[in-house]
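Topology and contacts: notes
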Amino acid sequence: MSQQPIHIQPLSQPVHLAEAPATFSAAVEAEIDRHLAKYPVMRSAILPLMFIVQRERGYLDPPGVLYLANRLGLRITDIWEVATFYSMIQTEPVGKHHIQICKTLSCKILGEPTITKHVCDKLGIKPGQTTPDGRFTVSLVECLGSCGTAPMFQIGFDYHENLTIEKVDQILAALP
């Protein structure tokens, strides 16, 4: 059996992808410039810029990642490492209302399975899925740091704590 040599591209050279980087309006570029001006090290702006790309594109997609890598002078893998670490950065399309249900021990002991089942039954989807109308996505996530008010879920940036079936129904009914 012959061994084929492996050619590894040096990190100092850009990676060429089939996709072009995302482009943004002048207003969005100006917003990005304002964020970059706040940080002496451009890499430090990675999270605020990810939120901007996500807001503009719906999620952090490969063209958005390529844009960030080029704009910040980073490797694509640097961008993906940060993006996949944080549950608030979406790397797949999600619904208008992203319901992130905490599944860790405190929430599980205090009723997360019942809450998850109720939400999923009410919306007709399973965790990891989006409703056909694109309105809701349900995800099970690791600790959201609200153990004293378990069970809880997060919708967008809003925490909903001490959940009961009745409270879940009120929260879902109030969403536009």
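What this report covers is the structure whose coordinates are included nearby. Small disclaimer: the values here were computed from a predicted structure and weren't measured.

Each value, and the rule that gives it
Just so you know, the residues in each chain are numbered from 1, in the order the chain's sequence is written. pLDDT decides what is reported in this predicted model: residues at 70 or higher carry local features, side-chain atom pairs at 80 or more are listed and counted, and totals for whole chains, interfaces and linings draw on all residues regardless. Calculated side-chain values reflect all of the structure's heavy atoms, with hydrogen atoms and water omitted. Think of it this way: any DSSP run of H or I at least four residues long counts as a helix, any run of E at least two long counts as a strand, and we number them from the N terminus. Axis lines are fitted to C-alpha atoms, over the contacting stretch for helices. Their N-to-C directions set the angle, which ranges from 0 to 180 degrees. When describing relative orientation, an angle under 35 degrees is termed roughly parallel and one over 145 degrees roughly antiparallel, while 65 to 115 degrees is termed roughly perpendicular and anything else oblique. In this scheme, a crossing is called left-handed if the near helix is turned counterclockwise away from the far one by less than a right angle; it is called right-handed if the turn is clockwise. In what follows, a contact means two residues having at least one pair of non-hydrogen atoms within 4.5 Å. Polar here means any residue other than Ala, Val, Leu, Ile, Met, Phe, Trp, Tyr, Cys and Pro, which are nonpolar, and Asp, Glu, Lys and Arg, which are charged; Gly is therefore polar. Think of a salt bridge as a Lys or Arg side-chain nitrogen and an Asp or Glu carboxyl oxygen that are within 4 Å of each other. Buried, partly exposed and exposed residues are distinguished by accessible area as a fraction of the type maximum, computed with a 1.4 Å probe on protein chains only: under 20%, between the cut-offs, and over 50%, respectively.

1. Observations regarding unusual backbone geometry
The omega torsion across Ala150 and Pro151 is -10 degrees, close enough to zero to call that bond cis. For Pro151, the location among the structural elements is in the loop between β2 (136-141) and β3 (153-155).

2. Digging into the packing of helix α6 (residues 112-123) against helix α7 (residues 165-174)
Packing of α6 against α7 leaves a shortest axis separation of 10 Å and a crossing angle of 40 degrees. When the axis of α6 is compared with that of α7, the two are oblique. When the axes of α6 and α7 are compared, the crossing they make is right-handed. Residue-level contacts link Thr114, Ile115, His118, Val119 and Lys122 of α6 to Ile165, Val168, Asp169 and Leu172 of α7. Taken together, the residues of the contact of α6 with α7 sort by class into five nonpolar, two polar and two charged.

3. Here we look at the pattern of salt bridges
A full pass over the atoms with the stated rule returns 11 salt bridges. Of the charged contacts, one joins Arg71 and Glu29 as a salt bridge, the two residues approaching to 2.6 Å between their closest N and O atoms. Residue Arg71 is found in helix α3 (residues 62-72), and its partner Glu29 is found in helix α1 (residues 26-37); the two are separated by 42 residues along the sequence. Here Glu29 falls in the partly exposed class, since its relative accessible area comes to 21%. Lys117 is the salt-bridge partner of Asp121, the closest N and O atoms lying 2.5 Å from each other. In this pair, Asp121 and Lys117 are both assigned in helix α6, four residues apart and thus about one turn of the helix distant.

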